[in-house]
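Residue-level structure breakdown
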Amino acid sequence: MPRETWVLFRHGLSVTLRQKVGIAFGAIQPLLFLVLFGPIFATFGTWETLVPGLILQLGLLSTGMAGFGVVFDKRMGVLERLRVTPASRLALLLGRVLNNVVTLVLQTALLLAVAFALGLRAPAAGLAAGFVLVVVLGASLAALSYAIALTIDENLFAPVMSTAVMPLILLSGALLPMSMAPGWLDGLSYLSPFRYVLEALRDLFAGRYATGTVATGVAVTVVFTAISLTIGTRVFNREQE
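Everything numeric in this text was worked out from a predicted model, so none of it was measured. (Residues numbered from 1 in each chain as written. Predicted model: local features only at pLDDT ≥ 70, side-chain atom pairs only at ≥ 80, totals over all residues. Heavy atoms only, no water.)

1. Quick notes on the environment of Val132
Position of Val132 relative to the elements: it lies in helix α8 (residues 124–151). Exposure remark for Val132: the relative accessible area of 53% places this residue in the exposed category. (Helix = DSSP H or I, 4+ residues; strand = E, 2+ residues; numbered from the N terminus. Buried < 20%, exposed > 50% of the residue type's maximum accessible area, 1.4 Å probe, protein only.)

2. A short note on the packing of aromatic side chains
A complete count under the given rule lists 5 aromatic pairs for this structure. Their ring planes at 75 degrees and their centres at 5.6 Å tell us that Phe194 and Phe224 sit as a pair that is edge-to-face. Within this pair, whereas Phe194 is found in helix α11 (residues 193–205), its partner Phe224 is found in helix α12 (residues 212–240), the two being separated by 30 residues in sequence. What makes Phe194 buried here is its relative accessible area of 5%. The rings of Phe37, Phe41 and Phe44 are connected pair by pair, giving a single aromatic cluster. Positioned above the aromatic ring of Tyr190, the side-chain terminus of Arg195 is 3.9 Å from the ring centre. (Phe/Tyr/Trp six-rings, centres within 6.5 Å; stacked < 30°, edge-to-face > 60°. Lys NZ or Arg CZ within 6 Å of the ring centre and 35° of its normal.)

3. Overview of helix α3 (residues 28–41)
Helical periodicity: at 3.6 residues per turn, an α-helix aligns residues three or four positions apart in one direction. Taking 1.5 Å per residue, 14 residues should reach 20 Å; α3 reaches 18 Å between its end C-alpha atoms and fits that length. The largest bend in α3 is about 35 degrees, located at Val35, with the proline Pro39 one to four residues further on. Residues Pro30, Leu31, Leu34, Gly38 and Phe41 constitute the buried set of α3. (Expected span 1.5 Å × (residues − 1). Bend = angle between axes of the 7 residues up to and from the residue.)

4. Here's the deal with the nonpolar core
The nonpolar side chains of a soluble globular protein tend to be buried with one another. Counting residues in each nonpolar core, the largest one holds 39 residues, and the members touching the most others are Val51, Leu120 and Phe205. Looking at this core, the elements with two or more residues in it are α3, α4 (47–62), α7 (89–118), α8, α9 (157–172) and α11. For this core, the element with the most residues is α4, which contributes 8 residues. When residues no more than four places from it in sequence are discounted, the contact partners of Val51 are Leu34, Leu112, Ala115, Leu120 and Phe205. In this structure, Leu93, Ala142, Tyr146 and Phe236 belong to the second largest nonpolar core, which totals 14 residues. (Core = buried A, V, L, I, M, F, W, Y, C linked by side-chain atoms within 4.5 Å. Contact = heavy atoms within 4.5 Å.)

5. Things to note about a nonpolar patch on the surface
A grouping of Val21, Phe25, Ile28, Leu32, Val35, Leu36 and Leu118 is seen on the molecular surface, where their side chains present a nonpolar patch of about 690 Å² in accessible area. For the nonpolar patch, the secondary structure elements donating two or more residues are α2 (20–26) and α3. Of all the elements, α3 adds the most residues to the nonpolar patch, at 4 residues. On the secondary structure map, Leu36 appears in helix α3. (Patch = residues over 30% accessible without salt bridge, like charges linked within 9 Å, V, L, I, M, F, W, Y side chains within 5 Å. Areas by Shrake-Rupley, 256 points an atom, 1.4 Å probe, with all protein chains shown as cover. Salt bridge = Lys/Arg side-chain N within 4 Å of Asp/Glu carboxyl O.)

6. Overview of the packing of α4 against α9
Packed helices, taken two at a time, are described by their axes: the angle between them and the distance between them. Remark: α4 packs on α9, axes separated minimally by 10 Å, with the N-to-C direction vectors making an angle of 160 degrees. Comparing their axes, α9 and α4 come out roughly antiparallel. In the packing of α4 onto α9, the handedness of the crossing is right-handed. Across from Leu56, Gln57, Leu60 and Leu61 in α4, the residues of α9 making contact are Val165, Leu168, Ile169 and Ser172. Residues belonging to the contact of α4 with α9 are distributed by class as follows: 6 nonpolar, 2 polar and no charged. (Axes fitted to C-alpha atoms, helices over the stretch in contact; angles between N-to-C directions. Parallel < 35°, antiparallel > 145°, perpendicular 65-115°, else oblique. Left-handed = near helix turned anticlockwise from the far one by under 90°. Nonpolar A, V, L, I, M, F, W, Y, C, P; charged D, E, K, R; others polar.)

Here's what the structure looks like:
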């Protein structure tokens, strides 16, 4: 299976890297928030608070929408052809997911480069740990996105995901900390796993590593990833039978 995954990943990555404009364009919304909203936010907050929120927003928009690839493959008959290959279903999923994760890493690096130019001063250890957390979260979001794309009507994927992503971004506290929200909205946000991940990222970017917030964020990410990969694998198995 590792070899099958590598072959599928390498093929997908070669296609992705030929679309450099597409990679940059996928990060355009968080970049616009960073450039246009960042200087305003910095007057009452910090870059170390804002940038992790924009990274989470990028993850939800980039890997959260990864299912579009399956929608197109389904329409073009690619999934039908994959059914007769000897590749395992898990390899088919992981090859795609790893490609999405690399794209997210490149987009995150671009976002961080601009953020540092504007004033972000996060420690190297915090950035490295945050990157690992983002990679794991991105893998889980991509797998879940593929599962959703294969489960619902292909014409509904775009409106359903577009409608779901924005509330998830807002409830995570990506744009403004939820401590500033009304009590009922703050309480509702605790139902979202992305709040815990974001709070962990903010601690890491602030140089706080051995905290309960970081431990909770890591635990939630691991559980969310295990659930997402399980769901994604089962759906891929069902669709390829």
